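# Observations on the three-dimensional arrangement
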Amino acid sequence: MITVAIVDDEKRERDLLQKFFQKLAREVSEEVKLISCVSGEELLEKYNYSFDLICLDIDMPGLNGIETARKIRKKDEQVIIIFVTNMAQMAIQGYEVRALDFVIKPLRYYSFALKLRSAFQMINNRENRSIVLNTTSGIKKINTDDVYYVEVQRHHLYYHTSKGMFQQKTSLKDLEERLVGLSFKRCNNCYLINLKHVTGVDKDEVEIAGEKLKMSRPRKKEFLQTLAKYMGGIEI
Amino acid sequence: MIFDIWMRIAYIIQLMGACIIFMLPARKRSYFWLRITILSAVLIPLSYLLDYGYSHLNFGILVLVYWAYYIAAGILFVWTGMEGKWPQVVYCGICACAVQHIAFDIYLIYIISGGQNEMIMLLIYITVYALFYWFYAKRLLESGEYTASKKALFPIITIVILVWILSILEIECNLSIASGQAHIILYRIIDALCCYYVLWVQLNQKENKTLQRERDGINNALEQQTKQYLVTRETIDSINRKCHDLKHQIRLLRQGDNGNEEFLNEIENEIMIYDTAVKTGNKALDIVLMEKGLFCKTHNIQWSCMADGSLLDFMKLEDIYAIFGNALDNAITAVLELEDIEMRVIGVKIWNQNHLLIIQIQNYYAQELKFEEGLPVTTKKNKRDHGYGMKSIRYTTEKYNGTITVNTKSRIFMLQILIPLNNSKKGTCK
């Protein structure tokens, strides 16, 4: 389920956005929970990190959209922000608060859907799961978000995670099957990378959690394309 | 005695020499000279023993092994000294064998035609090696590596086997191998190999020609675009100047006369169409966005752009123009085919995420698309003159180590370009 906050001071616009979201939700068969706010202040008050996406009007009395976005970014790096505005010039600057995109008023459905489809896919690409590992030091439950990458060495998998390193006796292929649909991709025969944590790419290296891992030539192209899909909101 | 020893090890030494000329310009392993000296210390005595055995014992069919040993030794020698994957090493070793062989052939011609001067013999080798070093080995390299694919190895190996068998036949013609069944079989193998080689050359040439034509097409398109860029830049600059002047004049008119306020507002609005100059922070991007933006406005295409143009600063102006010009032209062509005007939407986004530059262009489309090698094929009739747009985008992107991804889903076409940004602070950020 995707949780969306709609922030606009005009009721008519909020209602229209709700209608659009419901229509899109039907089209992509996705469950969407909509929460309406009449001002930036109300959004900040209600903010509890459960939002996946915020649809933010720029021109509002009190805190305007850009200011509200700045305050939100201080709390939450991850949430997707999309501006709704009749001032295209201002929205171009939206990248400063790492807004994903903007929709122009008067709202039109196709334009809305073009942008929001990618946003929905981006949210789905971020999906995580808890997995139970039968490690060499006992049974461990970890969230896939905590995994930076998995390395294979002599029939053992080494999980490099934010919670330390775990070892498990299984094959990378079995693990890959368990992680299907999540943001994991091989860059090499012996590394399975969580695309979420990639912080840079070199000519033949991937940077992840401060380490540099080699990409193999045959896997490089596919790896980079999957990374691009992950980041750009295309189904992985 | 010394001469006798020399004769037995001359081949291996010449071969190692040839290997060295190929390794010198390439990326060498650390302790290069130490490594190859140690290997030489093993190979030279080994070759001496083998040669001794070869001239004293009757090997029969084993002569084939004797010659194979030298090819293997050459490859091993290259592998010891040079960094690279096995196709590159094999490729290099075989090239070295071929160069040694050429020098040896010239040397033989000299001997057979009665030459006896040892200095000239030495000179022959030095000249041949030097020529191949300058005009072959050095030119073959690409950033310290021989670009050898497994595909390229196949014909090379064929030819070497051919030369190898020919040499054996010539030298061993008085041995048993040259007579009877074996001889005929060998001869037929050579025959087949020759024919195979001729066919391979044809195929290869055709492929090269196609590639060349494609490259010409892309270059041509790029050249056109650079020209167009310059013209557009001038036009837009002059429009912007005019707009600025006009606004100034309107302000002056307002001060003088109050009756025509409405009329003046109208004029101002008219001018505003041209004054929506996009300011993304990158000149080339501004120009291409404005050019295509004006077109969109007059053709009822809704379009939006969210871009931090300064991210593109590391790219050449004409490259930016080529990428966006082509991509937006494609998008515009696609949405104009849509009957429902509401669906004529184009979205452009440029952002930076984790030191990766991402450019995304989205639009709805009407016609089913066909793909070739991951890129959509032109829907226009004239295939020879069109269809370079996408390839040009890919070509330009790859120049910056980037990749392009094309995706179609729910009647939305999405072109995505990913280019790693070189960050000087790389490695320090977690």
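Residues numbered from 1 in each chain as written. Chains lettered and ligands numbered in written order. Predicted model: local features only at pLDDT ≥ 70, side-chain atom pairs only at ≥ 80, totals over all residues. Heavy atoms only, no water.

### Details of the overall build of chain A
A tally of regular secondary structure across chain A gives 7 helices and 15 strands. Residues classed as buried in chain A amount to 53% of the 236 residues present. In chain A, once contacts between residues fewer than 6 apart in sequence are set aside, the share between residues at least 24 apart is 53%. For chain A, the exposed surface amounts to about 10900 Å²; the carbon and sulfur share of it is 47%. (Helix = DSSP H or I, 4+ residues; strand = E, 2+ residues; numbered from the N terminus. Buried < 20%, exposed > 50% of the residue type's maximum accessible area, 1.4 Å probe, protein only. Contact = heavy atoms within 4.5 Å. Areas by Shrake-Rupley, 256 points an atom, 1.4 Å probe, with all protein chains shown as cover.)

### Examining the sheet that holds strand β15 (residues 211-214) of chain A
Residue and element names in this part refer to chain A. An order of β13-β14-β15 is seen for the 3 strands of this open sheet, with the pairing classed as antiparallel. The open sheet has two edge strands with one neighbour each: β13 (198-201) and β15. Shown here is a sheet whose adjacent strand axes are inclined to one another by a mean of 30°, direction ignored. Of the pairings in the sheet, the one linking β13 to strand β14 (residues 205-208) comprises 3 bridges and is antiparallel in character. Note that in β14 the partner of valine 201 across the bridge is valine 206. (Pairing = 2+ DSSP bridges. Axes fitted to C-alpha atoms, helices over the stretch in contact; angles between N-to-C directions.)

### Here we look at the interface of chain B and chain A
Every contact between the two is made by 45 residues of chain B and, on the other side, 40 residues of chain A. Summing both partners gives a buried area of about 3800 Å² for chain B against chain A, and 56% of it is carried by carbon and sulfur. The interface formed by chain B and chain A includes 3 salt bridges. Salt-bridge contacts for aspartate 101 of chain A lead to lysine 349 of chain B; the nearest nitrogen and oxygen are separated by 3.8 Å. Counting every contact that joins chain B to chain A gives 11 residue pairs in polar contact (both at pLDDT 80 or more). (Buried area = accessible area lost by both parts, 1.4 Å probe. Salt bridge = Lys/Arg side-chain N within 4 Å of Asp/Glu carboxyl O. Polar contact = N/O pair within 3.5 Å; in protein donor to acceptor, adjacent residues only side chain to side chain.)

### Focus: the packing of aromatic side chains
Per the counting criterion, the structure on display carries 22 aromatic pairs over all chains. With a centroid separation of 4.0 Å and an interplanar angle of 25°, the aromatic rings of tyrosine 11 of chain B and tyrosine 70 of chain B are classed as stacked. Here the residue tyrosine 11 of chain B occupies a position in helix α1 (residues 2-23), and tyrosine 70 of chain B occupies one in helix α3 (residues 63-81), the gap between them amounting to 59 residues. For the pair formed by tyrosine 11 of chain B and tyrosine 70 of chain B, the shared burial category is buried. Their ring planes at 75° and their centres at 5.4 Å tell us that tyrosine 133 of chain B and tryptophan 134 of chain B sit as a pair that is edge-to-face. For tryptophan 134 of chain B, a relative accessible area of 49% corresponds to the partly exposed category. Put simply, the rings of Phe20, Phe21, Tyr109, Tyr110, Phe112 and Phe120 of chain A together with Tyr364 of chain B touch in pairs and so form one group of aromatic residues. The ring of phenylalanine 32 of chain B has lysine 28 of chain B lying over it, and the distance from NZ or CZ to the ring centre is 5.7 Å. Between the NZ or CZ atom of arginine 29 of chain B and the centre of the ring of tryptophan 79 of chain B, over which it lies, the distance is 5.2 Å. (Phe/Tyr/Trp six-rings, centres within 6.5 Å; stacked < 30°, edge-to-face > 60°. Lys NZ or Arg CZ within 6 Å of the ring centre and 35° of its normal.)

### Let's talk about the sheet that holds strand β8 (residues 403-409) of chain B
Residues and elements named next belong to chain B. Spatial strand order, β3-β4-β5-β9-β8: 5 strands in an open sheet with mixed pairing. Two strands close off the open sheet at either side, each with one partner strand: β3 (302-307) and β8. Sheet twist, expressed as the average angle between the axes of neighbouring strands with direction ignored, equals 10°. Relative to strand β5 (residues 356-364), helix α10 (residues 317-336) is tilted by about 20°, and along the sheet it contacts β4 (345-353), β5 and β9 (412-420).

### Quick word on unusual backbone geometry
A cis geometry characterises the amide bond from lysine 105 of chain A onward to proline 106 of chain A, with omega recorded as 0°. Looking at where proline 106 of chain A falls in the secondary structure, it is placed in the loop between β5 (101-104) and α5 (109-125). Here the phi dihedral of histidine 155 of chain A falls at roughly 65°; this positive angle occurs in a residue that is not glycine. Positionally, histidine 155 of chain A belongs in the loop between β8 (147-153) and β9 (156-161). Histidine 155 of chain A sits in the exposed class, given a relative accessible area of 63%. Even without glycine at this site, arginine 411 of chain B takes up a positive phi of about 60°. By the secondary structure assignment, arginine 411 of chain B is in the loop between β8 and β9.

### Quick notes on the pairing of β4 of chain B
Residue and element names in this part refer to chain B. Taken across its 9 residues, β4 has 7 buried, putting it largely inside the fold. The pairing of β3 with β4 spans 6 bridges and is parallel. Across the sheet, residue cysteine 305 finds its bridge partner in β4, namely valine 348. Between the parallel pair β3 and β4, the chain is carried across by α10, and the sense of this crossover is left-handed. Pairing analysis gives 8 bridges linking β4 to β5, with the strands arranged antiparallel. When the sheet's bridge partners are listed, isoleucine 346 is paired in β5 with asparagine 363. (Right-handed = clockwise from strand over helix to strand, strands pointing away.)

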